[in-house]
Amino acid sequence: MYNQGIEMRVAVDVVKSPSFVWNIDVNASTVKNEITKLPQEEIISGTKKLMVGKSIYDFWLRTGTVLTRLTVRHSTMPTSRTLSRRLPTSGS
């Protein structure tokens, strides 16, 4: 695995008295990593799909068809109607 990053912190005491201290801290960081070697082509575990050349922090979600049910009620109608609608998946 290859890891590279930088972190920077700036801290300032804005007000400093014997009974009160007001300080501001700013912290920024970045990290880049890359998987360079695995014992197999890919490893899938939950939302992680580890592959050579990818980051260990990449998320992987399965695609599929989602069917939702929506119940519509009208104040003038004593009964309810149920509508089904097919939602588009991320790959289509």
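Owing to the predicted nature of the structure, the values given are computational and were not obtained by experimental measurement.

S.K.: Honestly, the pattern of salt bridges in this entry has me stumped. Any pointers?
M.R.: Any two side chains of opposite charge can pair, given that their charged atoms come close. Tallying each qualifying case throughout the model produces 2 salt bridges. In this structure, the salt-bridge partner of Asp 25 is Arg 9, at a minimum N-O distance of 3.4 Å. Taken together, the positions of Asp 25 in strand β2 (residues 21-34) and Arg 9 in strand β1 (residues 2-16) put the pair 16 residues apart, joining distant regions of the chain. Residue classification places Arg 9 among the exposed positions, given a relative accessible area of 59%. A salt bridge links Lys 49 to Glu 42, with the shortest nitrogen-to-oxygen separation between them at 3.7 Å. For Lys 49, a relative accessible area of 22% corresponds to the partly exposed category. The exposure class of Glu 42 is partly exposed, given its relative accessible area of 29%.

S.K.: When you look at the pairing of β2 in this model, what are you seeing that I'm missing?
M.R.: Sheet topology note: the β1/β2 ladder contains 14 bridges and is antiparallel. Across the sheet, the residue bridging to Lys 16 is Val 21, located in β2. In this structure, the hairpin formed by β1 and β2 is closed by a connection of 4 residues.

S.K.: Sorry, what's going on with a nonpolar patch on the surface here?
M.R.: On the surface, Met 8, Val 10, Val 12, Val 14, Val 15, Phe 20, Trp 22, Ile 24 and Val 26 cluster together into a nonpolar patch covering about 810 Å² of accessible area. In terms of residue count, the dominant contributor to the nonpolar patch is β1 (5 residues). Assessed through its relative accessible area of 42%, Val 14 is described here as partly exposed.

S.K.: Before we go on, may I ask you to explain the side chain of Ser 55 in this structure?
M.R.: Among the structural elements, Ser 55 can be located in the loop between β4 (48-51) and β5 (66-73). Side-chain polar atoms of Ser 55 contact the side chain of Asn 33, separated by 2.9 Å. Within polar-contact distance, the side chain of Ser 55 engages the backbone nitrogen of Tyr 57 at 3.1 Å. With residues up to four places along the chain from it excluded, the contact list for Ser 55 reads Asn 33 and Ile 35.

Thresholds, definitions, all that
- Counting starts from 1 at the beginning of each chain's written sequence and moves along it residue by residue.
- Thresholds applied to this predicted model are a pLDDT of at least 70 for local features of residues and 80 or more for the giving and counting of side-chain atom pairs; totals over whole chains, interfaces and linings are not thresholded and use all residues.
- Side-chain measures were taken over the full set of non-hydrogen atoms in the model, leaving aside hydrogen atoms and water.
- By convention in these notes, a salt bridge is any Lys or Arg side-chain nitrogen within 4 Å of a carboxyl oxygen on Asp or Glu.
- Put simply, DSSP H or I for four residues or longer makes a helix, DSSP E for two residues or longer makes a strand, and each gets a number counted from the N terminus.
- Partly exposed describes any residue whose relative accessible area lies between the buried limit of under 20% and the exposed limit of over 50%, with all areas from a 1.4 Å probe on protein chains only and scaled to the type maximum.
- For two strands to be treated as a pair, DSSP must find no fewer than two bridges joining them.
- Each patch is built from salt-bridge-free residues with over 30% relative accessible area, joining like charges within 9 Å and nonpolar side chains (Val, Leu, Ile, Met, Phe, Trp, Tyr) within 5 Å.
- Only the protein chains shown count as cover for residues, and all accessible areas are computed by the Shrake-Rupley method using a 1.4 Å probe.
- In protein, a polar contact means a hydrogen-donor-capable atom and an acceptor-capable atom, both N or O and within 3.5 Å, with residues adjacent in sequence counting only if both atoms are side-chain atoms; elsewhere, any N or O pair within 3.5 Å suffices.
- Contacts are residue-level and defined by heavy atoms, with any inter-residue pair within 4.5 Å sufficient.

Take it as geometry only, folks, not as evidence of what the structure does.
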